[in-house]
Every structure is written in structure tokens, then in C-alpha cells.
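Structure assessment
Residue-level listing of the chains:
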Amino acid sequence: MWKVEESNILLQQSWLQVRADRCVLPDGRILYPYLVLDIPSFCNIVAVTENQEIVMVQQYRHAVQKLSIELPGGMVDLGEDPLQAAKRELLEETGYAAKDWQHLYSIHPNPALENNQAHFFLATGCTVQSSQQLDPYEDIQIQLLPKSELMQWLKEQRFGHGVQYGAIFQALLQLNWIAEK
């Protein structure tokens, strides 16, 4: 294990903090600066309608300057249960609510640089319960992907949000839409 000898905040803006740690390695060497991004944990939902369509969202992602079609989701508020965050985000972004929820898994999406977690859920029996309740800077379009189209998009690698691929495949296994070999 490394020992953190000193930690300095280099940037603190909104939901992002950049920290420089001075680390003592097990053999005594000093590593400085080791930059760490303190960012909130997030959740994503593979939401399946009663007609076996996947509820996706399309939104502009400025860092890559592209429209992205991805799973609904968002930040987990400090102290918030990830499942409650997932239910809240699905309803806010899409207006859908689910009858059944299953936790797929939680991971550290980029443990070399970030200290957050990503929580993935499968929500089935989804139906529209309300209109979207978007945050002030969100512009989200809902897209329903039938099972056959989702499978084709996976084959063509059309999803741009890389960390979501694993959740989609795990959900497909849970739904028995693909067979394990």
C-alpha cells in the first residue's frame, strides 16, 4: 500500500475536484504529484419496457463534441442509496418507472485516476409515469430500441459510452436475450 504524506487541492469546481497527492511507495520512493479526480459516483440503468424495448437517452456530450446515445442515469448524491438514485434518474430523464429492479454490479470505472464508483441496474416492466424533469442544462431525447436493433447496435459498436457496454451485456444475460457459452 502507498502512504499519502500530503494532499493538496489544485482545483475545486462544482462537482469536480483535482487533488495532488504526495505518495510514499512501499520501497520508500516518493511519487509527487499523483493526480486524483474526486468526482461523484454515478448510476446507469438498462431499462426495459413491457414491449421489450430498451429505453435509451440521446444527449450532447461536450467533451467529445458529439451526440451520444446511452443508458439513462446520473450522479448519486452524497449519502444517497445508489438504487434510489437510479430510480430518481430514470424518472427524471425519461419519465419511465419500473416494476422490478435488479442490481447488476458496481465498479470503479477508472481507478487509476478517479475515486468514484459506477452502479449499474436492470429495470424491467418500465412504463411512462410522468413527463421528463430535466436539470437546467440537460437536453435529452428518449429513444426506444427494440431488442433486434439493440443487438445490431452492439455488433456495430455504435454506443460511445464505453463503461456502459458491460452493463448492457450483463443485462442481456439476465434477460436471457443472449446465451452463455
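A short tour of the structure in this document, coming up. (Residues numbered from 1 in each chain as written. Predicted model: local features only at pLDDT ≥ 70, side-chain atom pairs only at ≥ 80, totals over all residues. Heavy atoms only, no water.)

1. Describing the overall build of the chain
Helix and strand content of the chain: three helices and 11 strands. Listed by position from the N terminus, the elements making up the chain come as β-β-β-β-β-β-β-α-β-β-β-β-α-α. Projecting the C-alpha coordinates of the chain onto the three principal axes gives extents of approximately 60 × 45 × 30 Å. Here the chain, with 181 residues, has 38% of them falling under the buried criterion. Taking contacts inside the chain between residues at least 6 apart in sequence as the whole, the part at least 24 apart equals 55%. Counting every atom, the chain has about 10,700 Å² of accessible surface; 51% of that belongs to carbon and sulfur. Taking the average location of the 13 positive side-chain charges in the chain and that of its 22 negative ones, the two points are 7 Å from each other. (Helix = DSSP H or I, 4+ residues; strand = E, 2+ residues; numbered from the N terminus. Buried < 20%, exposed > 50% of the residue type's maximum accessible area, 1.4 Å probe, protein only. Contact = heavy atoms within 4.5 Å. Areas by Shrake-Rupley, 256 points an atom, 1.4 Å probe, with all protein chains shown as cover. Lys, Arg positive; Asp, Glu negative; His and termini not counted. Charge placed at Lys NZ, Arg CZ, Asp CG, Glu CD.)

2. Here's the deal with the sheet that holds strand 2 (residues 16–24)
The sheet built from three strands is open, its strands ordered 1-2-3 with antiparallel pairing. Sheet topology places strand 1 (3–13) and strand 3 (30–38) at the edges, where each strand pairs with a single neighbour. This sheet shows a mean twist of 20 degrees between the axes of neighbouring strands, independent of strand direction. Examined bridge by bridge, strand 1 and strand 2 share nine bridges and lie antiparallel to one another. Following the sheet pairing, Glu6 is matched in strand 2 by Arg22. (Pairing = 2+ DSSP bridges. Axes fitted to C-alpha atoms, helices over the stretch in contact; angles between N-to-C directions.)

3. Thoughts on the environment of Ile30
Inspection of the secondary structure puts Ile30 in strand 3. Under the relative-accessibility criterion, Ile30 is labelled partly exposed at 41%. With 26 residues separating them in the primary sequence, Ile30 and Val4 have C-alpha atoms 9.8 Å apart. In contact with Ile30, not counting residues within four places along its chain, are Glu5, Arg22, Cys23 and Val24.

4. Structural notes on the packing of aromatic side chains
Tallying each qualifying case throughout the model produces five aromatic pairs. Relative to Phe120, the ring of Tyr105 lies with its centre 5.1 Å away and its plane at 45 degrees, an arrangement referred to as tilted. Here the residue Tyr105 occupies a position in strand 9 (residues 100–107), and Phe120 occupies one in strand 10 (residues 118–128), the gap between them amounting to 15 residues. You can call Phe120 buried: its relative accessible area is 0%. (Phe/Tyr/Trp six-rings, centres within 6.5 Å; stacked < 30°, edge-to-face > 60°.)

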